Structures are given as structure tokens and as C-alpha cells.
Amino acid sequence: DGNGARGDVITISVTYEVWLLDPFGNLLDVIDEWLYLKYDRALNNVGSLELGLDGEYPNFSLAKLDGRIVVWRNGKLDMETSWLIRRMIKSLDEDGTLGVSIGAFSANEILNRRIVAYDSGTSYANKTGIRADNMMKQVIRENFGGSATNTSRNVSTYFEVEADTGLGPVLTKAFAWNNTLDVIQDISLTTISAGSAVYFDVVSPAYSTFEFRTYRAQRGIDHTFPNGQNPVILSPERGNLTSVLRSFDYSDEVTYVYAGGAGFNQFQFVGTASSIDRINQSPLNRREMFLSSGGIAQVVRDDADAGLRENRPRRVFQGKLVDVPGSTEYGVHWRFGDLVTVEFEGESINCSIDAVQIEVADGNEDIIATLRALDT
């Protein structure tokens, strides 16, 4: 469903400042000069950053594993994250020019570093009847925080968890020994399938700290028309949207899912999920699939629901988002995770800004936004 909505390359009328921190969040250097800066954020996923520097940069040795890069745009911490360094590169090109670069990941990458290190059947790996956001936060606290049974896994001094708020549907999940990021993504996907979406992110409330948070309905601010906050409307007629593509692709659609749980043959628990409305769109549109779940009861039904959503029709919207002063400026009128409204050929389409990519080089700023139509 994702698609690029690209802003024009514009001469920078904003200010950037790049900081280098040590792994504990202490400021080491304010990097005044750099060749290029590229970074991106994606909803419920890990973003990346690359900073290109002149080979004569004097403090390259200060860049350490899990040191951090902080990007300030117009005096604000952009993308609400600090970036964890995982690559330090020196290069020499054919004409003998030395260059250095630093590669880093957004703070969501922290979630990819642990597994749910508990046996099946324990309360740590099997969650029953818990609100989605609370379940996510339990998983983080039990594998990164003070609730971890192995105290050596507790990094809550550096990685905090937002207080429980009881958002989203009540879920039952089993995920012993699974990757933590995969588990959190699966919980979120289940809420989306249930029509009561809960998203997550690891943010930096201050440039030197990290906190796991959850979000009901959207990651950012609802700017949809007419009831959203300071509505943002994109359309060709308004001059802030060009190169539009709207398509409806039913090629890989599935309308009825069987999910097989624990057991074998006649003793296997099978859950189902279906879309009656889509099945009834034509006399031949019952399109079936089977997926292996491995769970029981509600877990299997949740997996069936997720499979049905994953194989829904692809209703794609694409467009080129034009940065218009006073109307659709990044960082002023919209940000990563916000909702906006698109008007095109008689349709009014509410979209989520699911990803943002920024590249700054040679005095130019290039912003690419990825829009997802909310009817997908």
C-alpha cells in the first residue's frame, strides 16, 4: 500500500545542526560542516541515517558503537528520535580523496536487539485478555526493563517505557522466544486488523533519552478535513500535489482464511476469518488460503484476521507532495505519522504519512513523504 509522495528539491531555507553523542547520551561534538545528510523514518519500523563527512573531519575517532547522532531542524529534534551509530566508514576514491561516513538507525532498532527469552506457557510469553498497548509495554518491560527476570537484561536507566493507558482491543498472544520487534509489530498489526489500530515508536523525549510509546489511531496529529486539527488538504488544484496515481489491484486478494493451530488432523484447531462484503462483490470471489498458526483458540483467530488483512485488495495512492510555504510545509503543517486529506478526481481520501525521507546536500533539501490511504 505504501507509495512515495515526493516534495520538490528546494534550496534550504531552514537550519540544520548535527550533534555527536557518546553511547551514554553525552554531547561530544557539534558537527558544523558535512557533505550530506540522509535519514528516514517509517511507521512501526526501523529508520536509517547516513552522514557524509570530509576526510579531514577531526573528531571521527569519537564516533563509537551505539554513540548517537542527533539532528536538529529549525531548532527542533527532527523525527523525534536520536540515531544509534552502527557503522563508521573511511573511504579513498580513485583520485585520492579521503572520505568518512557514519551510519545509524532510529531508536526502534533497540527493539530488534532482544528476544522474548521465556518459555512457552509462562506469563511472560503467553498473554491473555490484555489491552494491546499494555501488552506491548509488558513485553518491553519484561525484556528490557525492571520486570526482566534476568536482571542483566535491565536497561531501564537508558530506555524507559510510557505508562499504561489501556488502548486498543483486548488480545491474547503467545510468542515464546520470538524477536521482540517482530512481537510488537504483530500486536500492532492485529489491532489494525481489528479496526482499532495501536501504533508504537521509540522516541527521544530529550535528545539524550529513549522512551517506548504507543499511539491510538495514528502516530501523529490528525489533520484530515473537516474535523482534524488545522486540516491539511492536498490536491492538484491547490498546487501542493502532482503526479497522482490511484489504482485498485485485486490480483492477490484473499477473502476467506483458514488458520491451523495446535494439533493434527481432526484434532487440529482451525480458526477462520472472512470478508463477506468482498466475497459478495462477485459470484466467484470467495478466494481461500490456509496459514499455519501454531496457537490455540483466540490466537489462531487473530492470526486468521491478520492473514485476511495482509491479503486484502491493494488500493494504492501515489502523488508528489509539493512544499508550499504557508500551506504544506514539512515541520510546520505536517510531520511523520500525521493524517492528511487528499482530493483527486471527485474522491476525498484520508491518508497517513507513513514514512518521511530527507536528504540534505549542496545547499538543497529533498523531502519524500510516503502516503497510505486509510481505506487500505
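For the structure given in this document, a descriptive report is provided here.

The rules behind each value
- Residues numbered from 1 in each chain as written.
- Predicted model: local features only at pLDDT ≥ 70, side-chain atom pairs only at ≥ 80, totals over all residues.
- Heavy atoms only, no water.
- Helix = DSSP H or I, 4+ residues; strand = E, 2+ residues; numbered from the N terminus.
- Rg over C-alpha atoms; globule rule 2.2 N^0.38 Å.
- Buried < 20%, exposed > 50% of the residue type's maximum accessible area, 1.4 Å probe, protein only.
- Contact = heavy atoms within 4.5 Å.
- Areas by Shrake-Rupley, 256 points an atom, 1.4 Å probe, with all protein chains shown as cover.
- Lys, Arg positive; Asp, Glu negative; His and termini not counted.
- Charge placed at Lys NZ, Arg CZ, Asp CG, Glu CD.
- Polar contact = N/O pair within 3.5 Å; in protein donor to acceptor, adjacent residues only side chain to side chain.
- Core = buried A, V, L, I, M, F, W, Y, C linked by side-chain atoms within 4.5 Å.
- Axes fitted to C-alpha atoms, helices over the stretch in contact; angles between N-to-C directions.
- Parallel < 35°, antiparallel > 145°, perpendicular 65-115°, else oblique.
- Nonpolar A, V, L, I, M, F, W, Y, C, P; charged D, E, K, R; others polar.
- Phe/Tyr/Trp six-rings, centres within 6.5 Å; stacked < 30°, edge-to-face > 60°.
- Patch = residues over 30% accessible without salt bridge, like charges linked within 9 Å, V, L, I, M, F, W, Y side chains within 5 Å.
- Salt bridge = Lys/Arg side-chain N within 4 Å of Asp/Glu carboxyl O.
- Pairing = 2+ DSSP bridges.
- Expected span 1.5 Å × (residues − 1).

### Quick word on the overall build of the protein
Item 1. From N to C terminus, the protein includes four helices and 24 strands.
Item 2. Relative to the globule expectation of 21 Å for 376 residues, the C-alpha radius of gyration of the protein, 23 Å, shows essentially globular dimensions.
Item 3. Here the protein holds 376 residues, and 49% of them are scored as buried.
Item 4. Counting only contacts in the protein whose residues sit at least 6 apart along the sequence, the fraction spanning at least 24 positions is 66%.
Item 5. Working note: accessible area of the protein is about 17400 Å², and carbon and sulfur atoms make up 48% of it.
Item 6. Each charge sign in the protein was given a centre, from 34 positive and 51 negative side chains, and these centres are 6 Å apart.

### Observations regarding the side chain of R73
Item 1. Checked against the element boundaries, R73 lands in strand 7 (residues 68-73).
Item 2. What makes R73 buried here is its relative accessible area of 7%.
Item 3. A distance of 3.3 Å separates the side chain of R73 from the side chain of Y16, its partner in a polar contact.
Item 4. Once residues within four sequence positions are removed from consideration, R73 is found in contact with V14, T15, Y16, D78, Y330, G331, E365 and I367.

### A few points about the nonpolar core
Item 1. Formed by 42 residues in total, the largest nonpolar core has its most connected members in L37, L51 and I69.
Item 2. Beyond its immediate chain neighbours, meaning those up to four positions away, I69 contacts V18, W19, L20, L49, L51, S82, W83, I85 and I102.
Item 3. Formed by 28 residues, the second largest nonpolar core is a distinct cluster that contains L84, L111, L171 and F210.

### Re the packing of helix 1 (residues 132-144) against helix 2 (residues 180-193)
Item 1. For the pair helix 1 and helix 2, the least separation of the axes is 10 Å and the interaxial angle reads 175°. Classified by the angle their axes make, helix 1 and helix 2 are roughly antiparallel. Together, A132, M135, M136, V139, I140 and F144 of helix 1 and T180, V183, I184, I187, S188 and T191 of helix 2 make up the contact between the two elements.
Item 2. Of the residues assigned to the contact of helix 1 with helix 2, the class counts are nine nonpolar, three polar and no charged.

### Regarding the packing of aromatic side chains
Item 1. Enumeration over the complete set of coordinates arrives at eleven aromatic pairs.
Item 2. Ring geometry for Y16 and W34: centres 6.4 Å apart, planes at 85°, overall edge-to-face. Here Y16, found in strand 3 (residues 16-21), pairs with W34, found in the loop between strand 4 (27-31) and strand 5 (36-42); they are 18 residues apart in sequence, far enough to count as distant.
Item 3. Here Y16 falls in the buried class, since its relative accessible area comes to 16%.
Item 4. Between Y118 and Y124 the ring centres are 4.4 Å apart and the planes differ by 15°, which places this aromatic pair in the stacked class.

### What about a negative patch on the surface?
Item 1. A cluster of like negative charges, contributed by E17, D32, E33, D54 and E56, occupies part of the molecular surface.
Item 2. Along the chain, D32 turns up in the loop between strand 4 and strand 5.

### Overview of the pairing of strand 6 (residues 48-54)
Item 1. Pairing geometry for strand 5 and strand 6, over five bridges, is antiparallel. Bridge assignment links Y39 to a residue of strand 6, and that residue is L49.
Item 2. Here strand 5 folds back onto strand 6, and the loop between the two strands holds five residues, one of which, N44, carries a positive phi near 60°.
Item 3. Pairing between strand 6 and strand 10 (residues 98-105): seven bridges, direction antiparallel. Bridge pairing links G52 to S101 in strand 10.

### Re the pairing of strand 3
Item 1. Counting buried positions along strand 3 yields five of six residues, so the element is predominantly enclosed.
Item 2. Across six bridges, the pairing between strand 3 and strand 7 is antiparallel. Looking at the pairing, Y16 lines up with R73 of strand 7.
Item 3. Counted between consecutive antiparallel strands, the loop separating strand 3 from strand 4 contains five residues, among which G25 sits at a positive phi close to 90°.

### Focus on the side chain of N179
Item 1. Inspection of the secondary structure assignment puts N179 in the loop between strand 13 (170-174) and helix 2.
Item 2. Classification of N179 by relative accessible area gives buried; the value is 18%.

### As for the pattern of salt bridges
Item 1. Tallying each qualifying case throughout the model produces 19 salt bridges.
Item 2. Its salt-bridge partner being R113, residue D66 comes within 2.8 Å of it at the nearest N-O pair. With a gap of 47 residues between them, D66 in the loop between strand 6 and strand 7 and R113 in the loop between strand 10 and strand 11 (126-131) connect regions that are remote in the sequence.

### Thoughts on the sheet that holds strand 12 (residues 159-161)
Item 1. Pairing is mixed across the open sheet formed by three strands, whose spatial order is 12-15-14. Both outer strands of the open sheet, strand 12 and strand 14 (198-203), are each paired with one neighbouring strand and no more. Across the sheet, the mean angle separating the axes of adjacent strands is 25° when strand polarity is ignored.
Item 2. Two strands pair when backbone bridges link them, and strand 14 and strand 15 (residues 210-216) are joined in this way by six bridges, in the antiparallel orientation. Bridge pairing in strand 15 places D201 opposite R213.

### Section: helix 1
Item 1. The end-to-end C-alpha distance of helix 1 is 18 Å, a good match for the 18 Å that 13 residues give at a rise of 1.5 Å each.
Item 2. For helix 1, the buried fraction is high: eleven of the 13 residues fall into the buried class.
Item 3. Looking at the buried positions of helix 1, the neighbouring elements they touch are strand 11, strand 12, strand 13, helix 2, strand 14 and strand 15.

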